[in-house]
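Below, each chain spelled out in residue letters.
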Amino acid sequence: GSLRYSRAQGALLDALLAEQEVQVDETFARARAELRSFQSIAPADPPDTFHGILRDYQRTGLGWFNFLQRFGFGGCLADDMGLGKTVQALAWLQLERVSASARGLPALIVCPTSLVENWAREAARFVPHLSVHVVQGPDRHRAWAAIATSQLVITSYALLRRDSARYADQTFAAVVLDLGLPGRSGLE
């Protein structure tokens, strides 16, 4: 006698049910009210532990990530190359690490092979206190257990495909997909 929907489907479901009289549970009623009262995306500041200064548009990007998380949505951050999407994502991941929603779980960053080392360098520069585990190379399976105790895990699309069975049992607090496409760069 009931249907269950994910939080991310709430906005669509609300639109479909807007003209109908239906009974909803308390959780959906709260999510619906929160979404309806939403005004705008507010720029956000990174935590004090973040080693960098965000420009105004990057603070807006960080606010965008917070909006997506607040409502349980997935989303895309896309702009021209070189405007700091990696830095914005790392600032958000640092915020995520200090939030209750992380639950001690690692975050996964998946990117083209050519960007794995860049992500590791940027993480060392901007969030040096986070434990980072880079999954690459032929000996990557030897340190597989380190994934569960890391805060950031960085791998490539090619290795994610090869190691998919190993990832199947690992839960992540967040997943960042860096498409790394020249001229169409963006994080999802």
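Coordinates for the structure precede this section.
We now turn to the structure provided with this report. Keep in mind the model is a prediction, meaning the values are calculated, not measured.

Here's the deal with the overall build of the protein
When helices and strands are counted, the protein shows 8 helices and 6 strands. Each helix (α) and strand (β) of the protein, taken in turn from the N terminus, gives the series α-α-α-β-α-β-α-β-α-β-α-α-β-β. Burial status across the protein gives 39% buried among its 188 residues. If you take every contact in the protein between residues at least 6 apart in sequence, the share linking residues at least 24 apart comes to 61%. A total of about 11100 Å² of accessible surface is found on the protein, and carbon and sulfur atoms cover 53% of it.

Some details on helix H3 (residues 56–71)
Here H3 contains 16 residues, and its C-alpha end-to-end distance of 23 Å stays within 8% of the 22 Å for a straight helix at 1.5 Å per residue. For H3, the full list of buried residues reads Gln-58, Gly-61, Leu-62, Gly-63, Phe-65, Phe-67, Leu-68 and Phe-71. One or two positions beyond H3, positive phi appears at Gly-72, with a value near 70°.

Points about the sheet that holds strand E2 (residues 107–111)
Across the sheet, which stays open at both edges, the 4 strands sit in the order E3-E4-E2-E5 with parallel pairing between neighbours. Since the sheet does not close on itself, it has two edges, and those belong to strand E3 (132–135) and strand E5 (174–177), each with one partner. Adjacent strand axes in the sheet meet at a mean angle of 15° when their direction is disregarded. Pairing geometry for E3 and strand E4 (residues 152–156), over 4 bridges, is parallel. For His-133, the partnering residue across the bridge sits in E4 and is Val-153.

Describing the packing of aromatic side chains
Tallying each qualifying case throughout the model produces 5 aromatic pairs. Taking the centre distance of 5.6 Å and the plane angle of 35° together, the rings of Phe-65 and Trp-92 count as tilted. Taken together, the residues span a long stretch of sequence, with Phe-65 in helix H3 and Trp-92 in helix H4 (residues 85–98) at a distance of 27 residues. Taken as a pair, Phe-65 and Trp-92 share a single burial class, namely buried. Both rings, one in Trp-144 and one in Tyr-167, keep their centres 4.9 Å apart while their planes meet at 75°; by these two values the pair is edge-to-face. A residue pair is termed long-range when its members are at least 10 positions apart, and Trp-144 in the loop between E3 and helix H6 (146–149) and Tyr-167 in helix H8 (residues 164–167) qualify at 23 residues.

Criteria and cut-off values
- Residues numbered from 1 in each chain as written.
- Predicted model: local features only at pLDDT ≥ 70, side-chain atom pairs only at ≥ 80, totals over all residues.
- Heavy atoms only, no water.
- Helix = DSSP H or I, 4+ residues; strand = E, 2+ residues; numbered from the N terminus.
- Buried < 20%, exposed > 50% of the residue type's maximum accessible area, 1.4 Å probe, protein only.
- Contact = heavy atoms within 4.5 Å.
- Areas by Shrake-Rupley, 256 points an atom, 1.4 Å probe, with all protein chains shown as cover.
- Expected span 1.5 Å × (residues − 1).
- Pairing = 2+ DSSP bridges.
- Axes fitted to C-alpha atoms, helices over the stretch in contact; angles between N-to-C directions.
- Phe/Tyr/Trp six-rings, centres within 6.5 Å; stacked < 30°, edge-to-face > 60°.

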